[in-house]
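The lines below spell out each chain.
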Amino acid sequence: MRHVATLGSALALLAVTALTPASAVDLAKGRTTLPDLVLGEDNGNDYAVSQKDYELEAGKAYQLDIVSNGGKEYKFFSPEFFRNIWINQIVIDHLEIHGPGSPHHLEWDDKGAIRIEFVVIRPGEFKWWIDGLESKGMAGKIVAK
C-alpha cells in the first residue's frame, strides 16, 4: 500500500509541476504574419479580393492586415471567426484598440488598413464576407485546424 501512495504522490507532483507558470507559454508572442486581405484594386476594380481563403492552426498567434484599396464602403463580417479567436489588439494608423470581446464587424469608408492581432482558440471553418457585396465575389473562409 505504501508503494501505491508513493506512486500517487509522485504522479501528483509531476502534474502540478507540468502546470506551473514556469512552463506556461505566451501564445500572443511569435505571431505569424498572414498575407494581407486587400479589398478592391487601385485600377478601379472595387470588387477584387486579394485572397479568399486562409488556413490557420488553433493555439497559434497571427497578424492580419485587412486593407481597403477600393472606392466602396466595405463592411467585413465574420462573426463565427471573431467568436473563436482571442484578440490581442486591433491597430488602425498606429493607434491600438484593446478590450474584452470581439467586434461586430470592421468597416472602411475610405482607403486604409486595419490590423488584427489574435490567437485562434478553437478550430473550425469560418466564413467571412463584405456585407452586401458577397454576390460580387467578396467572400471567403478561414479554416483553423
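Notes on the structure follow.

Cut-offs and rules
- Just so you know, the residues in each chain are numbered from 1, in the order the chain's sequence is written.
- In keeping with the predicted nature of the model, local features appear solely for residues at pLDDT of at least 70, side-chain atom pairs appear and are counted solely at 80 or more, and the whole-chain, interface and lining totals rest on all residues.
- Processing note: side-chain calculations cover all non-hydrogen atoms of the structure and skip hydrogens and water entirely.
- To qualify as a helix, a DSSP run of H or I must reach at least 4 residues; to qualify as a strand, a run of E must reach at least 2; elements of each kind are numbered from the N terminus.
- When accessible area is computed with a 1.4 Å probe and restricted to protein chains, residues below 20% of their type maximum are described as buried, those above 50% as exposed, and intermediate ones as partly exposed.
- Counting of polar contacts relies on pairs of N or O atoms within 3.5 Å, with two restrictions inside protein: one atom must be capable of donating a hydrogen and the other of accepting it, and residues adjacent in sequence are counted only when both atoms are side-chain atoms.
- Here, residues are in contact when the closest pair of their heavy atoms is within 4.5 Å.
- Two strands are counted as paired when DSSP detects at least two bridges linking them.
- Here an axis means a line fitted to C-alpha atoms, over the contact stretch when the element is a helix, while the angle between two N-to-C directions is reported on a 0 to 180 degree scale.
- The definition of a nonpolar core used throughout is a set of buried Ala, Val, Leu, Ile, Met, Phe, Trp, Tyr and Cys residues joined through side-chain atoms within 4.5 Å.
- Take a side-chain nitrogen of Lys or Arg and a carboxyl oxygen of Asp or Glu: if they are within 4 Å of each other, that pair is a salt bridge.

1. Details of the side chain of asparagine 84
At step 1: Position of asparagine 84 among the secondary structure elements: in the loop between α2 (79-83) and β6 (85-92).
At step 2: Look at asparagine 84 and you get buried, because its relative accessible area is 9%.
At step 3: Looking at asparagine 84, its side chain comes within polar contact range of the side chain of arginine 122, at 2.9 Å.
At step 4: If we ignore the near neighbours within four places in the chain, the residues touching asparagine 84 are Val120, Ile121, Arg122 and Phe126.

2. Notes on the pairing of strand β10 (residues 124-130)
At step 1: Note that strand β5 (residues 74-77) and β10 share two bridges and pair antiparallel. Within β10, the position partnered with phenylalanine 76 by the bridge is isoleucine 130.
At step 2: In terms of strand pairing, β10 meets strand β11 (residues 139-144) through six bridges, oriented antiparallel. Note on β11: the bridge partner recorded for glycine 124 is alanine 144.

3. Thoughts on the sheet that holds β5
At step 1: Reading across the sheet, the five strands line up as β3-β11-β10-β5-β8 and stay open at both edges, with mixed pairing between neighbours. Looking along the sheet, the strands with just one partner apiece sit at the ends: β3 (53-56) and β8 (106-108). Averaged over all pairs of adjacent strands, the angle between strand axes in this sheet comes to 15°, irrespective of strand direction.
At step 2: Judged from the three bridges that link them, β5 and β8 form a sheet pairing that is antiparallel. Note on β8: the bridge partner recorded for lysine 75 is glutamate 107.

4. A few points about the nonpolar core
At step 1: Grouped together as the largest cluster of nonpolar side chains are 29 residues, with contacts concentrated most on Leu37, Leu56, Ile66, Phe76 and Phe118.
At step 2: Counting residues per element, this core draws most heavily on strand β9 (residues 112-120), at four residues.
At step 3: When neighbours within four sequence positions are excluded, phenylalanine 76 is seen to be in contact with Leu37, Ile66, Phe82, His105, Leu106, Trp108, Trp128, Trp129 and Ile130.

5. Re the pattern of salt bridges
At step 1: As enumerated under the stated definition, the model contains seven salt bridges in all.
At step 2: Across the pair glutamate 57 and lysine 60 runs a salt bridge whose closest N-O atoms are separated by 3.5 Å.
At step 3: Owing to a relative accessible area of 40%, glutamate 57 belongs among the partly exposed residues under this scheme.
At step 4: Using a relative accessible area of 38% as the deciding quantity, one classes lysine 60 as partly exposed.
At step 5: Note that aspartate 65 is salt-bridged to arginine 115, the shortest N-O span being 2.7 Å. Taken together, the residues aspartate 65 in strand β4 (residues 61-68) and arginine 115 in strand β9 connect sequence positions 50 residues apart.

The values reported here are purely geometric and, on their own, carry no functional implication.
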